Amino acid sequence: MPRVIVVDPSHPHETAIAEAAGVLARGGLVAFPTETVYGLGARGLHGDDVQKIFLAKKRPHGHPLILHTDGEAMASGITSRWSEQASQLARTFWPGPLTLVVARGGHVPLEVTGGLDSVGVRVPNHPVARALIRTVGEPLAAPSANAHTHVSPTTAEHVVRSLGDAVDLVLDGGPCAFGIESTVLSLAVDPPRVLRPGALSLERLRTIVPQVVFESITVAGDATRTSPGLSHKHYCPLARMTLADNADAIAEDMRRARAASRSVCAIVWSSRARQAVPDALRTKIITLPDNAEAYAHALFAALYDVDASGCEEVIVERVPDHPAWWAVADRLRRAASPT
Ligand code: TXA
Ligand code: MG
């Protein structure tokens with residue numbers, strides 16, 4: 001078990017932050033809360049420290065990490081080009097769940113960017129994260145604090161379950177407000193392109209960047225190097241996940257799993273789907289809210305619950321085909337991906 005320090009999420013105590021900063025200064029790894037999900041942090045300008053993140057997550061090298069800063073000034077310091085557009089986005093959406101991919105500054109280690117000439121940066125809207133960055137005095141590199149391809153953590157308990165002793169210290173600031181990762185926007189291409197849908201909606205992004213491009217695509221092989229967030233398999237529970245189109249398909253899939261003697265459960269959002277499940281299997285249903293934001297907030301925790309219950313298979317009701325659900329639909333598609 002790693003050490004866990006409970007902190008007040010809005011007014012973290014100085015001693016807790018100083019202790020965590022000390023672990024980072026000695027080259028260790030600290031998991032900390034952000035408004036999206038928990039991050040696994042290391043000093044972002046120290047290549048050797050950043051390497052440890054990859055080992056802890058068992059993440060393949062060459063996947064770029066996000067640098068977290070305490071404000072726009074520190075963010076603009078890690079890039080060779082901070083455009084007027086970047087500044088406008090920063091003033092509008094930071095602190096908050098938007099990651100900007102910009103040109104890499106010469107002093108940013110290639111370990112952070114996976115060898116790319118661009119770097120992702122964001123200012124988290126969480127007092128614990130920002131106090132930690134300020135105290136350390138440099139950007140923190142932090143991917144989501146889960147083992148590679150596994151579900152992102154929205155509580156400190158999830159971090160401990162996913163990473164165990166691979167992390168030196170966990171700051172427990174309670175559950176994350178959004179529960180889904182930041183939207184990643186590349187300003188390194190023209191017009192700007194969304195590389196990962198996330199907690200900041202396309203609608204809000206378009207108020208500042210009307211020409212933004214978003215295609216819901218996955219890429220494989222070499223192409224994952226430049227757009228790693230688009231690779232297939234990701235966010236996976238241990239249980240095998242199947243997406244079901246409608247209420248009948250859920251009932252059918254659950255019967256099929258039962259007939260094959262596999263323990264099965266379901267995650268639904270519509271009352272129709274809930275009612276379609278046979279009485280004998282009703283106890284195995286997790287019902288999530290029917291609005292996109294509240295659903296996103298609860299999804300990863302539900303997947304951790306599925307695994308804690310030991311279910312071998314989980315049937316998930318497909319979510320509405322509507323822009324408000326963009327981030328959730330993306331996560332479900334990748335989590336259910338066989339490869
Ligand atoms: O909400 C979040 O973004 C969380 C919290 C901890 O901040 N972090 C997170 O990090 O989700 P991670 O490593 O799990 O995902 C980072 C995403 C990946 O999709 C990665 O490909 C993309 O950001 N990314 C980062 N730097 C990039 C770059 N230079 N070029 C292209 N994509 C980049
Ligand atoms: Mg992640």
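In what follows, the structure referred to is the one given above.
The following paragraphs examine the structure supplied in this document. (Residues numbered from 1 in each chain as written. Chains lettered and ligands numbered in written order. Predicted model: local features only at pLDDT ≥ 70, side-chain atom pairs only at ≥ 80, totals over all residues. Heavy atoms only, no water.)

1. Considering the overall build of the protein chain
Applied cut-off: A helix here means a DSSP run of H or I that spans at least four residues, while a strand means a run of E at least two residues long, and both kinds are numbered starting from the N terminus. Restricting the calculation to C-alpha atoms gives the radius of gyration, and the globule rule supplies 2.2 Å times the number of residues raised to the power 0.38. The cut-offs for exposure are 20% and 50% of the maximum accessible area for each residue type, with area from a 1.4 Å probe on protein chains only; residues under the lower value are buried, those over the upper are exposed, and the others partly exposed. Every residue pair with non-hydrogen atoms within 4.5 Å of one another is taken to be in contact. Every accessible area reported is derived by Shrake-Rupley at a probe size of 1.4 Å, with residue values counting cover from the shown protein chains alone.
When helices and strands are tallied, the protein chain shows twelve helices and 14 strands. Relative to the compact-globule value of 20 Å for 339 residues, the protein chain shows a C-alpha radius of gyration of 20 Å, a close match. In terms of its C-alpha atoms, the protein chain occupies a principal-axis envelope of roughly 60 × 45 × 35 Å. By residue count, 55% of the 339 residues in the protein chain fall in the buried class. A fraction of 68% describes how many contacts in the protein chain between residues 6 or more apart in sequence connect residues 24 or more apart. For the protein chain, the exposed area adds up to about 14100 Å²; of that, 51% sits on carbon and sulfur atoms.

2. Quick look at the sheet that holds strand β9 (residues 183-186)
How we decide: Here a strand pair is declared whenever DSSP counts at least two bridges between the two strands. Here an angle of 0 to 180 degrees is reported between the N-to-C directions of two axes, which are lines fitted to C-alpha atoms, with helices fitted over the stretch in contact.
Pairing is mixed in the open sheet, where ten strands are placed in the order β1-β8-β2-β3-β7-β4-β6-β5-β9-β10. Of all the strands in the sheet, the pair left with one neighbour each is β1 (3-6) and β10 (193-196). Pairing of strand β2 (residues 30-32) with strand β8 (residues 169-172), which is carried by two bridges, proceeds in the parallel orientation. The residue bridging Ala31 from the neighbouring strand is Val170, located in β8. Its contacts with the sheet place helix α7 (residues 156-163) against β1, β2, β3 (39-43) and β8, and it is angled at close to 160° to β8.

3. A look at the packing of aromatic side chains
Filter applied, for reference: Each Phe, Tyr or Trp ring (for Trp, its six-membered ring) is paired with any other whose centre lies within 6.5 Å, and the angle between the two planes then decides the class: stacked below 30 degrees, edge-to-face above 60, tilted in between.
Taken as a whole, this structure holds four aromatic pairs when the rule is applied. Measuring from centroid to centroid gives 6.1 Å for Trp269 and Trp325, while their planes differ by 40°, and the two rings are tilted. Pair noted here: Trp269 is in the loop between β12 (264-268) and α10 (271-276) and Trp325 is in the loop between β14 (313-317) and α12 (326-335), with a separation of 56 residues, a long-range link. Since its relative accessible area comes to 23%, Trp269 is described here as partly exposed. Aromatic side chains Tyr295 and Trp325 sit 5.2 Å apart centroid to centroid with 70° between the ring planes, which places their arrangement in the edge-to-face category. Note that Tyr295 is positioned in helix α11 (residues 292-308) and Trp325 in the loop between β14 and α12, a separation of 30 residues in sequence. An identical accessibility class is assigned to Tyr295 and Trp325; each is buried. Here the aromatic residues Trp269, Tyr295 and Trp325 are joined through ring pairs into a cluster of three or more.

4. Comments concerning the packing of helix α1 (residues 14-25) against helix α6 (residues 127-136)
Applicable threshold: When describing relative orientation, an angle under 35 degrees is termed roughly parallel and one over 145 degrees roughly antiparallel, while 65 to 115 degrees is termed roughly perpendicular and anything else oblique. Here a crossing is called left-handed whenever its near helix is offset anticlockwise from the far helix by less than a right angle, and right-handed whenever the offset is clockwise. Gly counts as polar in this scheme, as do all residues outside two lists: the nonpolar Ala, Val, Leu, Ile, Met, Phe, Trp, Tyr, Cys and Pro, and the charged Asp, Glu, Lys and Arg.
The N-to-C vectors of α1 and α6 enclose an angle of 55°; their axes lie 9 Å apart at closest approach. On the basis of their axis angle, the class for α1 and α6 is oblique. Crossing geometry of α1 relative to α6 is assigned as right-handed. The segment α1 lies against α6, with Ile17, Ala20, Ala21 and Leu24 engaging Val128, Ala131, Leu132, Thr135 and Val136. Grouping the amino acids of the contact of α1 with α6 by side-chain chemistry returns eight nonpolar, one polar and no charged.

5. Some words on the environment of Ala18
On the secondary structure map, Ala18 appears in helix α1. Residue Ala18 is classed as partly exposed on the basis of its relative accessible area of 43%. In this structure the C-alpha to C-alpha distance between Ala18 and Leu132, which are 114 residues apart in sequence, comes to 7.8 Å.

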